[in-house]
Amino acid sequence: MRKIGLASLLLCASAAFAQEGTVTYRSMEVSPGIHMTIGVNSAGGFASGNLGSIVTEDYVVMIDDGQQGTAPAMVSHVSETVGRPVDFVLNTHYHGDHTGANAAFAEAGAVVISHHKLRERLLDNTESAGGSGGIPVLTFGDGVVLHLNDITAKIIHVPNAHTDGDSFVVVADANVIFAGDLQFAGMFPFIDLNGGGTVQGYIEAQRKIASMADENTSILPGHGDQSSNLAELRADTAMLVDGYAKVRALVDQGLSEDEVVAANPLAAYAADYDWYFINAERMTRTFYADLTVGN
Ligand SMILES: [Zn+2]
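Figured I'd write up the structure that's included with this text.

**Structural notes on the packing of helix H7 (residues 199-211) against helix H8 (residues 230-252)**
So, point 1. Direction vectors running N to C along H7 and H8 enclose 155°, while the axes themselves pass 10 Å from each other. Judged by the inter-axis angle, H7 sits roughly antiparallel to H8. By crossing handedness, the relation of H7 to H8 is classed as left-handed. For the pair H7 and H8, the contacting residues are Val199, Tyr202, Ile203, Gln206, Arg207, Ile209 and Ala210 in the first and Leu230, Leu233, Arg234, Asp236, Thr237, Leu240, Val241 and Tyr244 in the second.
So, point 2. Among the residues making up the contact of H7 with H8, the classes are represented as ten nonpolar, two polar and three charged.

This is the structure in structure tokens:
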């Protein structure tokens with residue numbers, strides 16, 4: 001993989017990876033009316049961020065919608081599995097692998113909802129929303145609640161975590177939480193420092209999600225091929241806390257970025273947490289950049 005900025009890499013992910021294979025979507029029902037949807041790339045590479053849906057008697061809500069290049073596949077997947085128009089699309093954050101089909105769903109009548117900072121970021125990069133028609137039309141600050149027949153979906157903003165416009169969704173009636181990219185289950189997470197994310201904010205966001213979960217909660221991560229849970233989320237948080245402390249100790253000793261990388265402070269986690277987009281070296285560089293910002 002060429003070494004380019006992580007933010008631009010992620011935003012370009014659909015273009016860069018879509019050519020390697022065909023992306024299709026599959027959904028699993030984690031609770032009556034609540035689905036987790038995962039993109040599958042026929043070539044085994046990057047497919048999409050995970051997304052989900054809440055379907056009640058009168059409403060269909062999408063939580064994120066995949067990437068622009070596969071918007072037609074996404075729209076037909078929803079029409080096959082749900083068979084009704086989408087009323088609301090909630091974007092958990094501004095990255096194009098979660099917002100790329102906004103315009104397609106808006107065109108079909110959906111109202112796109114997001115944190116107000118997410119909207120500002122999409123205004124700077126309308127392509128991430130599948131075009132200007134995909135810009136959110138309803139925004140919120142700390143959060144907003146959707147009352148969907150017998151299901152209440154609480155949308156909660158967390159500041160400066162994966163980006164500066166993140167939110168996650170709690171469906172207490174079903175004991176399900178849509179975490180968006182506040183969890184990369186069992187993988188080193190991408191923390192978008194250029195998009196307003198911070199390591200400490202990311203850790204705090206995971207703790208907030210954990211505080212609203214119990215051992216039976218289905219936590220649906222933004223990346224990861226199945227639903228996760230409280231124990232796994234806590235393990236992911238513990239890795240971040242420990243890894244960040246290890247890098248901080250080396251920074252405090254005055255080591256340069258490359259010297260910190262050479263010391264391999266995340267070695268103990270690499271086997272479990274490395275994946276093709278973020279490996280231990282990239283995670284170390286993210287920690288280093290976060291710790292030395294403004295220096
Ligand atoms: Zn993301």
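Picking up where we left off.
**Some points on the packing of H8 against helix H11 (residues 280-292)**
Between two packed helices, what matters for the description is the angle formed by their axes and the separation of those axes.
So, point 1. Between H8 and H11, the shortest axis-to-axis distance is 9 Å and the interhelical angle comes to 60°. Classified by the interaxial angle, the pair formed by H8 and H11 is oblique. Seen along the crossing, H8 lies across H11 with a hand that is right-handed. On H11, the residues that touch Gly243, Tyr244, Val247, Arg248 and Val251 of H8 are Met283, Thr284, Phe287, Tyr288, Leu291 and Thr292.
So, point 2. When the residues that make up the contact of H8 with H11 are grouped by side-chain class, the tally is seven nonpolar, three polar and one charged.

**Side note on the sheet that holds strand E1 (residues 23-31)**
So, point 1. One open sheet accounts for seven strands, arranged E1-E2-E3-E4-E5-E6-E7; its pairing is mixed. Edge strands, defined here as strands with exactly one partner in the open sheet, are E1 and strand E7 (138-140). Put simply, the sheet's adjacent strands are angled 25° from each other on average, direction ignored.
So, point 2. Pairing of E1 with strand E2 (residues 34-41), which is carried by eight bridges, proceeds in the antiparallel orientation.

**A short note on the nonpolar core**
So, point 1. Residues Phe168, Val169, Ile177 and Ile209 are the most contacted members of the largest nonpolar core, which totals 74 residues.
So, point 2. A per-element tally of this core places strand E11 (residues 176-184) first, with six residues.
So, point 3. Aside from chain neighbours lying at most four places away, what touches Ile209 is Phe168, Ile177, Ala179, Leu182, Ile219 and Leu233.

**Here's the deal with the pairing of strand E10 (residues 166-171)**
So, point 1. Taken across its six residues, E10 has six buried, putting it largely inside the fold.
So, point 2. Side chains Asp166, Phe168 and Val170 of E10 all project onto a buried face; the interleaved residues Ser167, Val169 and Val171 project onto the opposite face, where all are buried too.
So, point 3. Strand direction decides the pairing type here: strand E9 (residues 151-158) and E10, joined by five bridges, are antiparallel. When the bridges of E10 are listed, Val158 appears paired with Asp166.
So, point 4. Linking E10 to E11, which pair antiparallel, is a turn of four residues; within it Asn175 sits at a positive phi near 55°.

**Side note on the sheet that holds E11**
So, point 1. If you walk across this open sheet you meet the five strands as E8-E9-E10-E11-E12, and the pairing is mixed. Among the strands making up the open sheet, the edge pair consists of strand E8 (143-148) and strand E12 (218-223). This sheet shows a mean twist of 25° between the axes of neighbouring strands, independent of strand direction.
So, point 2. In the sheet, E11 pairs with E12 via five bridges, with the strands oriented parallel. The residue bridging Phe184 from the neighbouring strand is His223, located in E12.

Rules of the game
- Residues numbered from 1 in each chain as written.
- Predicted model: local features only at pLDDT ≥ 70, side-chain atom pairs only at ≥ 80, totals over all residues.
- Axes fitted to C-alpha atoms, helices over the stretch in contact; angles between N-to-C directions.
- Helix = DSSP H or I, 4+ residues; strand = E, 2+ residues; numbered from the N terminus.
- Parallel < 35°, antiparallel > 145°, perpendicular 65-115°, else oblique.
- Left-handed = near helix turned anticlockwise from the far one by under 90°.
- Contact = placed C-beta atoms within 7 Å.
- Nonpolar A, V, L, I, M, F, W, Y, C, P; charged D, E, K, R; others polar.
- Pairing = 2+ DSSP bridges.
- Core = buried A, V, L, I, M, F, W, Y, C linked by C-beta atoms within 7 Å.
- Buried ≥ 20, exposed ≤ 12 C-beta atoms within 10 Å, placed from the backbone.

That is the geometry; function is a separate question.
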